[in-house]
Amino acid sequence: MDTSRYSRLTLTERKDFSDDLAVFHCSSDEPVEFTPGQYATIGLIDDERDRPLLRPYSVVNAPGSTDLEFFIERVDDGDLTPELWTLSEGDDLWMRDKIVGRFVLDDTYRQHVMVATVTGVGPYVSIVRDQIRRLNNGRIDDPHRMLVLHGGSRSWELGTYRVELSRLADTYDWLNYVPTVSRPWEDPDWDGEMGRVGDVLRKHVDAHGFAPEDTAAYTCGHPQMIDKAQGMFERAGFSEDAIHEEKYFVERAHASA
Ligand SMILES: Cc1cc2nc3c(=O)[nH]c(=O)nc-3n(C[C@H](O)[C@H](O)[C@H](O)COP(=O)(O)OP(=O)(O)OC[C@H]3O[C@@H](n4cnc5c(N)ncnc54)[C@H](O)[C@@H]3O)c2cc1C
């Protein structure tokens with residue numbers, strides 16, 4: 001199969017957060033450049049297939065690295081993800097040469113509210129890590145203010161990103177992070193925010209002082225959350241142009257009885 005439009009990646013590590021959530025670390029021969037928030041199209045290409053099996057995934061790392069990081073949920077009856085879970089360290093993955101997407105920081109604003117379900121936190125981690133890198137190397141001295149709201153059914157689904165973003169929010173006053181769990185009865189040790197992220201959003205936007213007229217809003221991940229959160233942003237007075245979305249899939253129509 002012709003692979004000239006693709007780059008070869010090597011799977012270096014898979015970190016499992018649950019049976020169906022994992023971070024895939026891959027290495028590339030060359031540093032990979034993109035704008036934080038964009039997605040790569042990755043998957044499997046081999047001679048046994050008629051065509052490449054590829055899907056889009058948000059890049060979690062900051063640009064310019066040979067280590068690429070993807071936070072992926074396995075869809076049991078999906079085509080690609082069950083195959084990704086059979087890969088071992090050292091196996092090949094392929095990536096379309098161009099990393100693309102418009103779900104990037106809207107820099108007409110200095111304040112940003114970013115809402116995610118589970119894996120949808122990936123673009124925000126990339127944006128936060130990139131801002132820290134640019135502060136550290138002196139390329140910026142006036143950081144954008146960010147509130148990241150991150151929802152999952154149980155706390156372990158938020159993975160190591162919960163720990164990382166909590167620690168960064170303690171370190172940097174421009175970053176606020178709110179993890180929330182919608183099934184606390186399945187996570188009895190959880191003592192943080194409870195409820196679906198779309199339901200607790202308004203309270204935190206108000207409490208952290210992100211005024212609608214000065215703030216861009218972002219929603220990423222599950223389509224139901226996105227529809228709900230966007231309704232909330234509109235009712236709160238956010239400008240339509242300042243509301244951005246990255247829907248990871250379209251819900252399947254349920255067969256009627
Ligand atoms: C711009 C963009 C960025 C994305 N980034 C990520 C990412 O960072 N991490 C990630 O895990 N996924 C991400 N996705 C979703 C990803 O591209 C695949 O759709 C997903 O991994 C399923 O692929 P599959 O081949 O296993 O299933 P498919 O065979 O493509 O899908 C089978 C069915 O499952 C549904 N489906 C797909 N994903 C889910 C889901 N999570 N839950 C329930 N049903 C689903 C689809 O609607 C489809 O009907 C992104 C999608 C887009 C459009």
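Residues numbered from 1 in each chain as written. Predicted model: local features only at pLDDT ≥ 70, side-chain atom pairs only at ≥ 80, totals over all residues.

For the protein, the helix and strand inventory stands at 5 helices and 12 strands. The C-alpha radius of gyration computed for the protein amounts to 18 Å, which stays within 12% of the reference 18 Å derived for 257 residues, consistent with globular compactness. Taking all 257 residues of the protein together, the buried fraction comes to 36%. The contacts of the protein with a sequence gap of at least 6 include a subset with a gap of at least 24, amounting to 71%. (Helix = DSSP H or I, 4+ residues; strand = E, 2+ residues; numbered from the N terminus. Rg over C-alpha atoms; globule rule 2.2 N^0.38 Å. Buried ≥ 20, exposed ≤ 12 C-beta atoms within 10 Å, placed from the backbone. Contact = placed C-beta atoms within 7 Å.)

Inspection of the region around the ligand gives 22 residues, with Arg-55, Gly-78, Leu-80, Thr-81 and Phe-249 positioned closest. Elements that contribute at least two residues to the shell around the ligand include exactly strand S4 (53-58) and strand S5 (65-73). For the shell around the ligand, the residue count by class is 11 nonpolar, 6 polar and 5 charged. Looking at which domains feed residues into the shell around the ligand, each of domain 1 (6-96) and domain 2 (111-247) gives three or more. (Near = placed C-beta within 6 Å. Nonpolar A, V, L, I, M, F, W, Y, C, P; charged D, E, K, R; others polar. Domains from an automatic or database assignment.)

Bringing the sheet that holds strand S1 (residues 6-18) into the picture now. Read across the sheet, 6 strands follow the order S4-S3-S6-S1-S2-S5 without closing on themselves; strand pairing throughout is antiparallel. Whereas interior strands pair on both sides, the edge strands pair on one side only; in this sheet they are S4 and S5. Pairwise comparison of adjacent strand axes, ignoring direction, gives a mean angle of 40 degrees for this sheet. Bridge count for strand S2 (residues 21-32) against S5 is 8 bridges, and the pairing is antiparallel. Paired with Cys-26 across the strands is Leu-68, a residue of S5. (Pairing = 2+ DSSP bridges. Axes fitted to C-alpha atoms, helices over the stretch in contact; angles between N-to-C directions.)

In the Ramachandran plot, Val-118 falls in the positive-phi region, its phi being about 35 degrees despite a non-glycine side chain. Structurally, Val-118 can be placed in the loop between strand S7 (111-117) and helix H2 (122-136).

To continue, consider the nonpolar core. Of all hydrophobic cores here, the largest spans 56 residues; its most connected members are Ile-42, Phe-70, Met-114, Val-115, Tyr-124, Leu-147 and Val-148. Of the domains in this structure, domain 1 (6-96) and domain 2 (111-247) are the two that each give at least three residues to this core. Excluding its chain neighbours within four sequence positions, the residues that come into contact with Phe-70 are Phe-24, Ile-42, Tyr-57, Val-59 and Val-60. (Core = buried A, V, L, I, M, F, W, Y, C linked by C-beta atoms within 7 Å.)

Moving on, we come to helix H4 (residues 197-207). Of all the residues in H4, the buried ones are Val-197, Gly-198, Leu-201 and Val-205. The buried residues of H4 occupy an angular sector of 75 degrees when the element is viewed end-on, so they sit on one face. In this structure, H4 carries Lys-203, Asp-206 and Ala-207 as exposed residues pointing more than 90 degrees from its buried face. Just beyond H4, the residue with positive phi is Gly-209, at close to 70 degrees. (Arc of directions from axis to C-beta.)

On domain assignment, one finds that the protein holds domain 1 (6-96) and domain 2 (111-247). Between the C-alpha centres of domain 1 and domain 2 the distance comes to 24 Å. Across the contact, 15 residues belong to domain 1 and 13 residues belong to domain 2. Secondary-structure elements contributing two or more residues to the side of domain 1 that touches domain 2 are S1, S2 and S5. Top element by residues in the side of domain 1 that touches domain 2 is S5. It accounts for 3 residues. The residue makeup of the side of domain 1 that touches domain 2, split by class, is 10 nonpolar, 4 polar and 1 charged.

Bringing the sheet that holds strand S11 (residues 215-221) into the picture now. Ordered in space as S10-S9-S8-S7-S11-S12, the 6 strands form an open sheet in which the pairing is parallel. In the strand order of this sheet, the two ends are held by strand S10 (193-194) and strand S12 (243-247), each with one partner. Judged from the 7 bridges that link them, S7 and strand S8 (residues 145-152) form a sheet pairing that is parallel. Across the sheet, the residue bridging to Val-115 is Leu-149, located in S8. Contacts from helix H3 (residues 159-171) reach S8 and strand S9 (175-181), with the element oriented near 145 degrees to S9.

On to helix H5 (residues 223-236), then. The terminal C-alpha atoms of H5 lie 20 Å apart, and with 14 residues this matches the ideal 20 Å at 1.5 Å per residue to within 8%. For H5, the full list of buried residues reads Met-225, Ile-226, Ala-229 and Phe-233. Taken down its axis, H5 places every buried residue within 95 degrees of arc, on the same side. Exposed and facing more than 90 degrees away from the buried side of H5 are Gly-231 and Arg-235. Contacts made by the buried residues of H5 are with S7, H4, S11 and S12. With its phi angle positive at about 105 degrees, Gly-237 sits one or two positions after the end of H5. (Expected span 1.5 Å × (residues − 1).)

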